[in-house]
Amino acid sequence: MPLMNAIAVEASITIGDFSSRELSNLAWAFARCSVSKLKLMDSIAEQAITKISGFRPQEVANLAWAFARQAVRNKPLIDSISKKAVLNIAEFKAPDIAGLAWSFAAMGLRDAPLFGAISNQALPMIQEFEATDLASIAWSVAKLGYGNQP
């Protein structure tokens, strides 16, 4: 796709100027279009790590989803996403929680502190989850072998 290729080139040059929202949206767009640009994803990860404190919950979830969808396991980014989510899980809405759980499970990443935080946040707000969110979390818990835990 010529346009996405051109965007990848230009974004790679100006990636340092991207906000948290723009980084998240860029990663999401390339994953959604199934356009694999590993060098760009690495640049996004590098920038996201330095700006993770400014990411909103939806941006965190979308970033995790994009990397999971592209099967890009950037450990420093994954660690940053996990820490950010654990610290700020109370700010996450049902779709963000479900998306985050799905992303880690899709990558096969068992993260007990993250899934403990997800469980603690999801339980009191379980009625806010749509059917697809409930199914995503159930699939994630089962895929990672947590069973009744966390």
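Everything discussed here concerns the structure shown above.
These lines cover the structure that appears in this document, whether it is placed above or below. Each chain carries its own residue numbering, running from 1 in the written order of its sequence. Given that this is a predicted model, residues contribute local features only at a pLDDT of at least 70 and side-chain atom pairs are listed and counted only at 80 or more, while totals for whole chains, interfaces and linings are drawn from all residues. Only hydrogens and water are set aside; all other atoms, that is, all heavy atoms of the structure, feed into the side-chain values.

1. Here we look at the layout of surface pockets
Right, on to step 1. Grid spacing is 1 Å over the protein atoms alone, the probe is 1.4 Å, and a cavity is where that probe fits but cannot get out, while a pocket is an open set with protein on both sides within 12 Å along at least five of seven lines and lining residues have an atom within 4 Å of a point. Grid points are joined across faces, edges and corners, and a volume is the space filled by probe spheres set on the points. In this structure, the largest pocket occupies an estimated 260 Å³ of space.
Right, on to step 2. Lining the largest pocket are 13 residues, with Trp65, Pro95, Ala98, Gly99 and Asp133 positioned closest to its centre.
Right, on to step 3. Only helix H4 (57-69), helix H6 (94-106) and helix H8 (131-143) provide two or more residues apiece to the lining of the largest pocket.
Right, on to step 4. Strands here mean DSSP runs of E at least two residues long; helices mean DSSP runs of H or I at least four residues long; both are numbered from the N terminus. At five residues, H6 tops the list of elements feeding residues into the lining of the largest pocket.

2. Some thoughts on a nonpolar patch on the surface
Right, on to step 1. What makes a patch is a set of residues exposed beyond 30% relative accessible area and free of salt bridges, joined within 9 Å when like-charged and within 5 Å when nonpolar (Val, Leu, Ile, Met, Phe, Trp, Tyr). To be clear on the numbers: accessible area is Shrake-Rupley with a 1.4 Å probe, and residue cover counts the displayed protein chains and nothing else. The working definition used for a salt bridge is a side-chain nitrogen of Lys or Arg within 4 Å of a carboxyl oxygen of Asp or Glu. A cluster of nonpolar residues, Met1, Leu3 and Ile7, forms a patch on the protein surface that exposes about 310 Å² of accessible area.
Right, on to step 2. With respect to the element layout, Met1 can be found in the segment before helix H1 (2-14).

3. Observations concerning the packing of helix H2 (residues 20-32) against H4
Right, on to step 1. Remark: H2 packs on H4, axes separated minimally by 8 Å, with the N-to-C direction vectors making an angle of 30°. Overall, the two elements H2 and H4 adopt an arrangement that is roughly parallel. Crossing of H2 against H4: the hand is left-handed. Contacts from Ser20, Arg21, Leu23, Ser24, Ala27, Trp28, Ala31 and Arg32 of H2 reach H4 at Glu59, Asn62, Leu63, Trp65, Ala66, Phe67 and Arg69.
Right, on to step 2. Any residue outside Ala, Val, Leu, Ile, Met, Phe, Trp, Tyr, Cys, Pro, Asp, Glu, Lys and Arg is labelled polar, Gly included; the first ten of those are nonpolar and the last four are charged. Its residues placed into classes, the contact of H2 with H4 shows eight nonpolar, three polar and four charged. For every element, the axis is a line fit to its C-alpha atoms; helices are fit only across the contacting stretch, and the angle between N-to-C directions ranges from 0 to 180 degrees. Roughly parallel covers angles under 35 degrees, roughly antiparallel covers those over 145, roughly perpendicular covers 65 to 115, and oblique covers all other angles. By the definition used in this description, the sense in which the near helix is turned from the far one sets the handedness, with an anticlockwise turn below a right angle giving left-handed and a clockwise turn giving right-handed. In this analysis, two residues are considered to be in contact whenever any of their non-hydrogen atoms come within 4.5 Å of each other.

4. Some remarks on the pattern of salt bridges
Right, on to step 1. If you walk through the whole model with that rule in mind, you get one salt bridge.
Right, on to step 2. Taking the shortest distance from any N to any O, the salt bridge between Asp79 and Lys75 comes out at 3.1 Å. Residue Asp79 and its partner Lys75 are located together in helix H5 (residues 75-88), separated by four residues, close to a single helical turn.

5. Some points on the environment of Asp133
Right, on to step 1. Its location among the elements puts Asp133 in helix H8.
Right, on to step 2. The exposure class of Asp133 is buried, given its relative accessible area of 8%.
Right, on to step 3. The spacing of Asp133 and Thr50 is 83 residues in sequence and 29 Å in space, taken between C-alpha atoms.
Right, on to step 4. Apart from residues lying up to four places away in sequence, Asp133 is in contact with Ala94, Pro95 and Ala98. Think of it in three bands: with a 1.4 Å probe and only protein chains considered, a residue is buried below 20% of the maximum accessible area for its type, exposed above 50%, and partly exposed in between.

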